[in-house]
Amino acid sequence: FPGVPIIIGEWGTINASDPQQQVQNTMGAAAADPLVVGFNYWVMAPGANEALLDDDLSKKSHFQNVQSFFKR
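What you see is a predicted model, and the numbers here were worked out from it, not measured in a lab. Per chain, residues are indexed from 1 in the order of the written sequence. Residues qualify for local features only when their pLDDT is at least 70, as the model is predicted, and side-chain atom pairs are given and counted only at 80 or more; totals for whole chains, interfaces and linings, by contrast, use all residues. Note: side-chain values were computed over all heavy atoms of the structure, leaving out hydrogens and water.

Scanning the protein chain for helices and strands turns up two helices and two strands. Viewed in the frame of its principal axes, the protein chain has a C-alpha envelope of about 40 × 25 × 15 Å. Residue pairs at least 24 apart in sequence account for 52% of intrachain contacts in the protein chain once pairs closer than 6 positions are excluded. We get accessible surface area from the Shrake-Rupley algorithm with a probe of 1.4 Å; when it comes to residues, only the shown protein chains can shield them. For the protein chain, the computed accessible surface area is about 4700 Å², with 55% contributed by carbon and sulfur atoms. When the 4 positive and 7 negative side-chain charges of the protein chain are each reduced to one mean point, those points stand 11 Å apart. Put simply, DSSP marks the helices as runs of H or I at least four residues long and the strands as runs of E at least two long, and each gets a number from the N terminus on. Should any heavy atoms of two residues lie within 4.5 Å, those residues are considered in contact. For the purpose of counting charges, residues Lys and Arg are taken to be positive, whereas Asp and Glu are taken to be negative. His and the chain ends are not included. Here the site of a charge means atom NZ of a Lys, CZ of an Arg, CG of an Asp or CD of a Glu.

What follows is the structure in structure tokens.
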């Protein structure tokens, strides 16, 4: 479907040795594609590899990358 806007609903779990880097890579690839108009990032709270917050609720290093995707 060339030229059709895309909303990414889920990418699946991340099993990489560096989950934060994998999230940055994934979000970067999505942001670079002009057809990607939305992204469902559903893991905010601690407890998952790709969570945006640490156990003390501080922002992880990739929080800003995800936030900037949604602000574009």
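Additional details are given in the paragraphs that follow.
What follows concerns the environment of Asn-15. Mapped onto the elements, Asn-15 comes out in the loop between strand 1 (6-8) and helix 1 (19-32). Linking Asn-15 and Asn-49, residues 34 residues apart in sequence, is a C-alpha distance of 7.7 Å.

Let us look at the nonpolar core. Residue types Ala, Val, Leu, Ile, Met, Phe, Trp, Tyr and Cys, when buried and joined through side-chain atoms within 4.5 Å, form a set referred to as a nonpolar core. Each residue is placed in one exposure class: buried if its accessible area under a 1.4 Å probe, protein chains only, is under 20% of its type's maximum, exposed if it is over 50%, and partly exposed if it falls in between. Ranked by size, the top nonpolar core spans 13 residues in total, and within it Met-27, Phe-39, Tyr-41, Val-66 and Phe-69 carry the most contacts. Listing elements by their share of this core, those giving two or more residues are helix 1, strand 2 (36-39) and helix 2 (63-71). What Tyr-41 contacts, discounting residues up to four positions off in sequence, is Trp-11, Val-23, Met-27, Glu-50, Ala-51, Leu-52, His-62, Val-66 and Phe-70.

Attention shifts here to unusual backbone geometry. Its identity is not glycine, yet Leu-57 carries a phi of approximately 70°, on the positive side. For Leu-57, the location among the structural elements is in the loop between strand 2 and helix 2. Leu-57 sits in the exposed class, given a relative accessible area of 57%.

Attention now goes to helix 1. A helix is expected to span 1.5 Å multiplied by its residue count minus one. With 14 residues, helix 1 should cover 20 Å at 1.5 Å per step; its first-to-last C-alpha distance of 20 Å lies within 8% of that length. Looking only at helix 1, the buried set comprises Pro-19, Gln-20, Val-23, Met-27 and Ala-30. When helix 1 is viewed along its axis, its buried side chains cluster within an angular range of 100° and face the same direction. Exposed and oriented more than 90 degrees from the buried face of helix 1 are Ala-29 and Ala-32. By construction, the arc corresponds to the directions joining the helix axis to the C-beta atoms.

Further remarks concern the environment of Leu-35. Note on placement: Leu-35 falls in the loop between helix 1 and strand 2. Residue class for Leu-35 comes out partly exposed when judged on its relative accessible area of 30%. For the pair Leu-35 and Asn-15, spaced 20 residues apart in sequence, the C-alpha separation works out to 27 Å. Beyond its immediate sequence surroundings of up to four residues, Leu-35 is in contact with Gly-3, Val-4, Pro-5 and Ile-6.

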